[in-house]
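Architecture at a glance
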Amino acid sequence: MSHITEGGVQRITAPHIRSRKGGAPIVALTAHDYPTARLVDEAGFDFILVGDSLAQTVLGYESTLPVTLDEMIAHTRAVRRGVRRAMVVGDMPYGSYHESPRQAVESAIRFIKEAGADAVKLEGGSRRAPAVRAIAEAEVPVMGHIGLTPQSVLRMGGYRVQGKTIEAARELMEDALSLERAGVFAIVLEGIPVEISRMITERLCVPTIGIGAGVECDGQILVFNDLAGLNFGHTAKFVRRYLNLKDDIASALERFAGDVTGKRFPAGAESYHLPEGVEVDLEDDRGRSMPPLGPVN
Ligand code: KIV
């Protein structure tokens, strides 16, 4: 198989992710901006999701519902600029695929053409199968997302673990199979019991990517801000925090402000100086122009 390369680097594609079913776990993270995307890509992650979680983590909305397709495209473009190897997945926001399969295809194509995404993701089970089929037929790799789907918050009446009854678990299994039949190359399982995600993972031919769905998925994803401790709201039980960036930033801000008010910043080494031997007495030179100083150290 020939590969897509960029600057000599082999890019990860949807068929590659698809082929990882049952193999080495797929490692993924969200990124919403250029520096985060660069770091995640350089750390060797398999794919980067420009998740609509950016509505809350970056844009300060209460839920993911208000974020627009234009906002998602702008952030996906920034992430694309920071990534050479990982697959970039654009998250289709609420309202960009719910009206018709045709609307879904138009939105998906915008992610590819305007943002340079490699794939898109959308939320929902069987009732999204026609949209998934239409997007896949338009040659856009599409990832599913079932379980605790944040775009369904109004219908669910809150962010609740899904699949906790036999009927609900059966429905989740049917959702997963119907998305697979419709052509997804992978499915995110969010907020469901480990026992159910294990059964879904065993039944599907495409990889499952877990977030709050236990260790037996084919891969795992977290939201960058959760992993880095840069969030302000409630932290879900499934999050493992590897940093405490919010506190680190708060402490850096306090120290900077203290240095400014205490006249400890900037130091001499952080300031520009006249070249040696040049002395300027602005009082005496009033009215005359200064000689050019040359490069300033
Ligand atoms: O928007 C997002 O960040 C997501 C992940 C939680 C999978 O959809």
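Because the structure is predicted, anything quoted here is derived from the model rather than measured. (Residues numbered from 1 in each chain as written. Predicted model: local features only at pLDDT ≥ 70, side-chain atom pairs only at ≥ 80, totals over all residues. Heavy atoms only, no water.)

**Some points on the overall build of the protein chain**
- Along its length, the protein chain carries 11 helices and 10 strands.
- In terms of C-alpha radius of gyration, the protein chain reaches 25 Å, well past the compact-globule figure of 19 Å for 297 residues.
- By principal-axis analysis of the C-alpha atoms, the protein chain measures approximately 90 × 40 × 35 Å.
- Of all 297 residues assigned to the protein chain, the portion counted as buried reaches 45%.
- Counting every atom, the protein chain has about 16,200 Å² of accessible surface; 55% of that belongs to carbon and sulfur.
- Charged side chains of the protein chain number 33 positive and 39 negative; the gap between the two group centres comes to 6 Å. (Helix = DSSP H or I, 4+ residues; strand = E, 2+ residues; numbered from the N terminus. Rg over C-alpha atoms; globule rule 2.2 N^0.38 Å. Buried < 20%, exposed > 50% of the residue type's maximum accessible area, 1.4 Å probe, protein only. Areas by Shrake-Rupley, 256 points an atom, 1.4 Å probe, with all protein chains shown as cover. Lys, Arg positive; Asp, Glu negative; His and termini not counted. Charge placed at Lys NZ, Arg CZ, Asp CG, Glu CD.)

**Topic: the pattern of salt bridges**
- Going through the model one piece at a time under the given rule, you end up with 12 salt bridges.
- Two residues, Arg 11 and Asp 118, come together in a salt bridge whose shortest N-O distance is 2.6 Å. Here Arg 11, found in the loop between strand E2 (9-10) and helix H1 (14-19), pairs with Asp 118, found in the loop between helix H5 (101-115) and strand E6 (119-121); they are 107 residues apart in sequence, far enough to count as distant. For the pair shown, Arg 11 and Asp 118 are each scored as buried.
- With a closest N to O distance of 3.0 Å, Asp 91 and Lys 121 form a salt bridge. Highlighted residues: Asp 91 in strand E5 (residues 87-91) and Lys 121 in strand E6, separated in sequence by 30 residues. (Salt bridge = Lys/Arg side-chain N within 4 Å of Asp/Glu carboxyl O.)

**A few points about the side chain of Asp 46**
- Its place among the elements puts Asp 46 in the loop between helix H2 (34-42) and strand E4 (47-50).
- For Asp 46, a relative accessible area of 6% translates into the label buried.
- A polar atom in the side chain of Asp 46 sits 3.0 Å from the side chain of Arg 20.
- A distance of 2.9 Å separates a polar atom in the side chain of Asp 46 from the backbone nitrogen of Val 27.
- In this view, Asp 46 contacts Ile 12, Ile 17, Arg 20, Pro 25, Ile 26, Val 27, Ala 86 and Met 87; residues no more than four positions away in its chain are not counted. (Polar contact = N/O pair within 3.5 Å; in protein donor to acceptor, adjacent residues only side chain to side chain. Contact = heavy atoms within 4.5 Å.)

**A few points about the sheet that holds E6**
- Spatial ordering of the closed barrel is given by E3-E4-E5-E6-E7-E8-E9-E10, a layout of eight strands whose pairing is parallel. In this sheet, neighbouring strand axes are inclined to one another by 25° on average, regardless of whether the strands run parallel or antiparallel. (Pairing = 2+ DSSP bridges. Axes fitted to C-alpha atoms, helices over the stretch in contact; angles between N-to-C directions.)

**Focus: the domain arrangement of the protein chain**
- Along its sequence, the protein chain is carved into domain 1 (3-243) and domain 2 (249-289).
- Domain 1 and domain 2 are separated by 49 Å when their C-alpha centres are compared. (Domains from an automatic or database assignment.)

**So, the environment of Ala 186**
- Tracing the backbone through its elements, the reader meets Ala 186 in strand E8 (residues 186-190).
- The spatial distance from the C-alpha of Ala 186 to the C-alpha of His 98 is 20 Å, given a sequence separation of 88 residues.
- Beyond its immediate stretch of four places on either side in the chain, Ala 186 contacts Ile 17, Val 142, Met 143, Gly 144, Val 206 and Pro 207.

**Some details on the packing of aromatic side chains**
- Inspection of the entire model under this criterion finds one aromatic pair.
- For the ring pair Phe 256 and Phe 265, a centre distance of 5.4 Å and an interplane angle of 70° mean the geometry is edge-to-face.
- Assessed through its relative accessible area of 47%, Phe 256 is described here as partly exposed.
- Note on Phe 265: relative accessible area 37%, which makes it partly exposed. (Phe/Tyr/Trp six-rings, centres within 6.5 Å; stacked < 30°, edge-to-face > 60°.)

**Focus on the pairing of strand E10 (residues 219-222)**
- As judged from the four bridges shared by strand E3 (residues 26-30) and E10, these two strands associate in the parallel manner. Residue pairing across strands places Ile 26 opposite Gly 219, the latter belonging to E10.

**With respect to helix H6 (residues 129-137)**
- Those residues of H6 that fall on the buried side of the exposure criterion are Ala 129, Ala 131, Val 132, Ala 134 and Ile 135.
- Close packing links the buried residues of H6 with H5, E6, strand E7 (142-147) and helix H8 (166-182).
- Immediately downstream of H6, the backbone of Glu 139 shows phi near 70°, a positive value.

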